[in-house]
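Listed below, chain by chain, are the residues.
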Amino acid sequence: MKNKILIFITLLFVSNIIFSQTAEQIQKYLKEPMGDKTYRKKGIMDGNLIRTLFSNDGQVGYWPDRPSGEWPKGTGHNYLDGCTPIVTASVLAPMNKQIIHPAQTSYREEVDFNPTTNELWVMEPVPGYASAGSEQPAISTKPKTWPQQWPRSLPNTDPTWDGFWYGYFGRGVQNADFETFYVIDDSRDQEFMRVPYGYIPIAANPERGGLGIREEVRGFQWSHVLAEDIIFWHYDIVNMSDANYDTTYFGFYCDTGVGGVDDNGDDNASYNTKLDIAYAFDADGIAPPDNWKTGYVGYAFLESPGNGFNGIDDDEDGMIDERRDDGIDNDNDWQSFTDLNKNGKWDPDENEPLNDDLGKDGVGPYDPQYTGPDEGEGDGKPTPGEPNFDATDKDESDQIGLTSLVIERLSNKGPSAIWPKNDEVIWRKMNYGSFDTSLTKSNIQILFGSGPFPLKLYRRERFSVALVFGSDYEDMVFNKETVQSIYNANYNFSKPPLKPTLTAIPGDKKVFLYWDNIAEKSYDNFLRKFDFEGYLLYRSQEPEFNDIKVITDSKGEAKYWKPIAQFDLKDGIKGPDPIGINGAHFWRGSDTGLQHSFVDTTVVNGSTYYYALVAYDQGDPNFGTKGLIPTETTKIITQDFSGSIRFVDINCAVVTPNAPSAGYKPPQVLGDISKVKQGVGTGKLNLVVLDPRQVQEGATYKVSFQSGGTFPTYKTTSYSVTKTVNGKQETVFAKVDSSQFSKGQFSAPFDGLVLSVSLDTMGTVKTKGFVKGYSNIDILVAPDKSSPTRNVAWPADYEIEWLPDGQTYTTPFQKLAVPIKGRNITEGRDCDLEVFDNDKDGKLSMGDDIVIIEYVNNQFRLTWRVQLRIPAAPMWAAPRAGDVFRFTTSRPFKEGDYFEFSTKGAMVDPELAKNSLNKIAVVPNPYISANAWEKRNLNQTGRGERRLDFIHLPVQCTIRIYTISGQLIKTLEKSNGAEDGTLSWNLVTEDGTDLAYGLYIYHVDAPGIGEYIGKFAIIK
């Protein structure tokens, strides 16, 4: 009995501590400004195949604006008109003693408002959670949207968080490919503060209305092929009021729009309680303007609020009344550090894995933003903020699931409809067990919810849903099951490597691309290993890359994109991944070796290309019961409906190759790089100009080699690059390891250049033949193999000369007098020869062998065997006096070998420019209706932008365009640099009208260069 009392007292003491800490946290929240409409911001989620508007007041999609649930992105196929979360609770009104049910939400229409001031009584964004200068909410991939300082009211934050993403898993941890975060509250809802209700949720803050609710909202997207059709929405509901809300419901209001704005009158909806999903689809399965096949959109419960006080295992997971705020690892899945040396403490110097024991910031030594241990790190105890504990463990909540769903006709805007303004209707329809899906083939709205659950004083509950898209019902269900598995892992989905930074430089019929190596340092905390595997380079003519998503599964569904280049580690992980998706398998590479640059020479001048350089990981075929397929980084280029580019991620690029300006002279590399300037190595140096703008004038570079071992059996180990400018030398690269030598494997970029080294091996004959004389006998040359202890394929080139009549050379061992002599031309000295007199005639004749002799520490070595043979030809000529036979051999670079070259920067030659004016032209000419280069127009109405190009222009010039009668209609100015000799025109005249069909004259005036007159036609 004493033990039971002690346990009860201990639990009570812990609960009091947690409550006091929670109350302190609530006071921090209440000191923040109230939610305010002036801080509303809109953004676009486009981190995978779904693209949609969202705003920081809770809304996802926004009729009639687009994109609203566009899937796949870039198609213009929309599925949503809008949706928003709703919280409602049962409250006793103090004045009239009636039970009221305030419904807290925000929406574009049909919401409550102050009849006097027209102020909206809705949830509004709390200031401070996005950059003041940003028009968008805070987005993980866009640092300029983040606040300069994250609010200190957020748990575990301090100044070290500023400048890093406020990640779900910790400081700067971007587990998802796209994540947004904002906070809303209901303080502006004064509907039930009025007479006759008088409900003030927070007595100490009588200006705050509503229920005293705060919602912390996160949206997630993953680009992984298994999650590319899904958006996750994650809501933390905090009760800041003075009351316990014993009966609370959380739900979602949705205005479906399957088929877009012109096809929303025939939608159907249904639900599946086993899958916790409500979904909508089009009745006839087609939509205008081109009868495209519609799919399904689902609104899936991933996590519903928990009831941790009823003594029931609501979610049937074997735990009763588990909670996220009890300071207990209820499911015992948190993992402490691995104590490899068994000394009872974490030893970072011995690389002991931290596992989940990362400290309150959720960051460990393998994260690039790690600055050292923080509170709770490596202490062997779970700490708030660490993975798989309390707030970051979804299993520590006794979930309820989908409990209500109703479908109504959208046109019903009266007091009985499920619009957000009708609080009591919302309450009734969200009550437990309320399901009504009888309405079909209509413009519908859906309300679904979960509850009841208690929202206790100062408590936090969680609600998570996913927008799930599929080509049909089965595809949607498959995606929902995938969603659930990701969520069940606490969003700790296998994440791709760090995102590389891509640079793309357009040239003349080519594009130069290069990138950094940060992805190769990626550590996957989910798999707990370094798992980078390679790079894929994609090129598309659509910003969404839909035109290259051509690799399909066994159902014909497109799953993977086709790259123009792939580079992977030489580690034996290659070929198709063994897991696959419905028969489609990710190609892991061919063990080609890594590369950090590429020149695309298959482009057309004037066309715009969209590039993405994605890093991918190894996957893990042995993980769990099904294994994990490889994951690649996102590729996000945002284009609005008019065709303008709004955002290009760091691993993407948008370029248009064009011919350079008139008179342009590209940068030059001076010097012979086909062979070493000094040394014996026979490999090659390949040099490529990547960025002409960065090539330096008058720089001299020296590529020198290091080797190991002793001559003649040495091996090349590395190379270094130095640069000398104006007598000052600096190191560019130091000791680049020979493992990176391979054909086509380039260095990191430097001064607009990249280089690769082709390393020759020892012991191969490269060339052979008579360099003097007309003999046609067969001469075979190969390393001698007659005596393994004496044989060495000596690293040198040799000549054998037939001596004048009467002169002979005496061989060192057989003492034969023969009419030849040998010379090591690499080292510039004579060498010994031994003749093997195979026919025993005592002289050098056809059929004999010559072996070249070299010496190491006065010990002879048998090196190369030269065999003299009678040719098959009926007529042949033996060597004569003065004839010289030469053979060259392959050999690696030796210590001290080096190449040398210098560079000359790009320039514009005025005289050349003057002589090139006659190359100026207009393309296309004539312009007939449209131009293949023009921007895509996603608007369903309107012509979109027109375009023609003036090409081969001087660096600076003015173009004046006239009608055939001499009327000036447009003046254009070019000043876009020497590398681009093109100027585009949208065919809009000076007065803002579209250019009419007809013939036009243009005049190019280039100061200091000259003038040119041409004409072009516009044909209907």
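This write-up is about the structure you can find in this document. Along each chain, residues carry numbers from 1 onward, in the same order as the chain's sequence is written. The model is predicted, so local features are restricted to residues of pLDDT at least 70 and side-chain atom pairs to those at 80 or more, both for listing and for counting; the totals for chains, interfaces and linings are taken over all residues. Neither water nor hydrogens contribute to the side-chain values; these are computed over all heavy atoms in the structure.

1. With respect to the overall build of the chain
Per the secondary structure count, the chain includes 4 helices and 63 strands. Summarising its shape, the C-alpha atoms of the chain cover approximately 135 × 100 × 55 Å along the three principal directions. Split into buried and exposed, the 1020 residues of the chain put 55% on the buried side. A gap of 7 Å separates the mean positions of the 102 positive and 141 negative side-chain charges of the chain. Helix and strand definitions follow DSSP, with helices as H or I runs of at least four residues and strands as E runs of at least two, each counted in order from the N terminus. Relative accessibility under 20% of the residue-type maximum defines a buried residue, over 50% an exposed one, and the middle range a partly exposed one, all with a 1.4 Å probe and only protein chains included. Charge counting follows a simple rule: Lys and Arg are positive, Asp and Glu are negative, and His as well as the terminal groups are ignored. Charge placement uses NZ in Lys and CZ in Arg. For Asp and Glu, CG and CD serve respectively.

2. As for the pattern of salt bridges
By convention in these notes, a salt bridge is any Lys or Arg side-chain nitrogen within 4 Å of a carboxyl oxygen on Asp or Glu. Following the criterion strictly, the structure yields 43 salt bridges and no others. Residue Asp81 pairs with Arg66 through a salt bridge whose shortest N-O separation is 3.3 Å. With Asp81 in strand β3 (residues 80-89) and Arg66 in the loop between β2 (52-55) and β3, this pair connects stretches of sequence that are 15 residues apart. Both residues of the pair, Asp81 and Arg66, belong to the buried class. One salt bridge in this structure joins Arg947 and Asp949, with 2.7 Å as the shortest N-O distance. There is no split in this pair, since Arg947 and Asp949 are both buried. One salt-bridge network, in which partners are shared between bridges, spans Glu32, Arg214, Glu216, Asp236, Arg460 and Arg462.

3. Describing the side chain of Glu124
Counting through the fold element by element, Glu124 comes out in strand β7 (residues 124-125). Polar contacts involving the side chain of Glu124 include one to the side chain of Arg40, which spans 2.8 Å. Polar contact is the term for a pair of N or O atoms within 3.5 Å; when the atoms are in protein, one must be able to donate a hydrogen and the other to accept it, and sequence-neighboring residues count only if both atoms are side-chain atoms.

4. Describing the sheet that holds strand β41 (residues 715-725)
Sheets are built from strands that pair by backbone hydrogen bonding, the pairs being arranged parallel or antiparallel. The pairing criterion for strands is at least two bridges between them, as found by DSSP. Reading across the sheet, the 5 strands line up as β38-β54-β40-β41-β42 and stay open at both edges, with antiparallel pairing between neighbours. Pairing within the sheet leaves two strands with one partner each, and these edge strands are β38 (668-670) and β42 (728-737). In this sheet, adjacent strand axes meet at a mean angle of 25° when their direction is disregarded. As paired elements, strand β40 (residues 699-708) and strand β54 (residues 898-904) share 6 bridges and run antiparallel to each other. In the strand pairing of β54, Thr700 is matched with Ser902. Think of each axis as a best-fit line through the C-alpha atoms, taken over the contacting stretch in the case of a helix, with angles from 0 to 180 degrees between the N-to-C directions.

5. Structural notes on the environment of Thr592
Following the sequence through the fold, Thr592 ends up in the loop between β31 (565-568) and β32 (597-600). Exposure remark for Thr592: the relative accessible area of 38% places this residue in the partly exposed category. Through-space distance from the C-alpha of Thr592 to that of Tyr79 is 43 Å; in sequence the pair is 513 residues apart. Between two residues, a contact is recorded if the distance between any of their heavy atoms is within 4.5 Å. Ignoring any residue separated from it by four or fewer positions in sequence, one finds Thr592 in contact with Gln566, Phe567, Asp568 and Lys570.

6. A word on the nonpolar core
Formed by 73 residues in total, the largest nonpolar core has its most connected members in Trp233 and Phe448. A per-element tally of this core places strand β22 (residues 444-455) first, with 5 residues. With residues near it in sequence (within four places) discarded, Phe448 still touches Gly251, Phe252, Cys254, Ala278, Tyr299, Phe301, Leu402, Ser404 and Leu405. Only buried Ala, Val, Leu, Ile, Met, Phe, Trp, Tyr and Cys residues count toward a nonpolar core, and they belong to the same one when joined by side-chain atoms within 4.5 Å.

7. A few points about the sheet that holds strand β50 (residues 829-836)
One open sheet holds the 8 strands; their spatial order is β44-β53-β46-β49-β50-β51-β52-β45, and the pairing between them is antiparallel. Two strands lie at the open edges of the sheet, namely β44 (765-772) and β45 (778-783), each paired on one side alone. In this sheet, neighbouring strand axes are inclined to one another by 25° on average, regardless of whether the strands run parallel or antiparallel. Bridge analysis of strand β46 (residues 798-802) against strand β49 (residues 820-824) gives 5 bridges, and the strand direction is antiparallel. Its bridge partner lying in β49, Trp802 is registered against Ile820.

8. A few points about empty space enclosed by the protein
The pocket and cavity definitions rest on a 1 Å grid over protein atoms only: a 1.4 Å probe that fits but cannot leave marks a cavity, an open set with protein on both sides within 12 Å along at least five of seven lines marks a pocket, and residues lining either have an atom within 4 Å of a point. Grid points are joined across faces, edges and corners, and a volume is the space filled by probe spheres set on the points. Across all of its chains, the model carries 5 cavities of 30 Å³ or more by this definition. For the largest cavity, the calculated volume is near 120 Å³. Taken together, Gly47, Asn48, Leu49, Lys73, Ser223, Glu228, Glu544, Phe545, Trp561, Thr634, Lys635 and Ile636 make up the lining of the largest cavity. Lys, Arg, Asp and Glu make up the charged group, whereas Ala, Val, Leu, Ile, Met, Phe, Trp, Tyr, Cys and Pro make up the nonpolar group; the residues left over, Gly among them, are polar. Its residues assigned to classes, the lining of the largest cavity shows 4 nonpolar, 4 polar and 4 charged. Quantified by volume, the second largest cavity comes out at close to 60 Å³. Residue composition of the lining of the second largest cavity, by class: 5 nonpolar, 3 polar and 1 charged.

9. Regarding the packing of aromatic side chains
Paired rings are identified among Phe, Tyr and Trp, the last through its six-membered ring, by centres lying within 6.5 Å, and are further divided according to the angle between planes into stacked (under 30 degrees), edge-to-face (over 60) and tilted (the rest). Inspection of the entire model under this criterion finds 62 aromatic pairs. Geometrically, the ring pair formed by Phe705 and Phe899 is edge-to-face, given 6.0 Å between the ring centres and 70° between the ring planes. With a gap of 194 residues between them, Phe705 in strand β40 and Phe899 in strand β54 connect regions that are remote in the sequence. The class of Phe899 is buried, set by a relative accessible area of 0%. Think of it as a cone above the ring: NZ of Lys or CZ of Arg counts as a charge over the ring if it is within 6 Å of the ring centre and within 35 degrees of the ring normal. When the ring centre of Trp561 is taken as origin, the NZ or CZ atom of Lys635, which lies over that ring, is 3.3 Å away.

10. Some details on unusual backbone geometry
Residue Pro64 is bonded to the preceding Trp63 through a cis peptide linkage, with omega at 0°. Mapped onto the secondary structure, Pro64 falls in the loop between β2 and β3. Put simply, Val195 and Pro196 share a cis peptide bond, and its omega is 15°. Tracing the sequence through the fold places Pro196 in the loop between β11 (178-185) and β12 (213-221). Despite not being glycine, Tyr458 shows a phi value in the positive range, around 65°.

11. Regarding the pairing of strand β35 (residues 645-648)
Of the strand pairs in this sheet, strand β34 (residues 637-639) and β35 are connected by 3 bridges, and their pairing is antiparallel. If you follow Thr638 over to β35, its bridge partner there is Phe647. Counted between consecutive antiparallel strands, the loop separating β34 from β35 contains 5 residues, among which Gly643 sits at a positive phi close to 100°.

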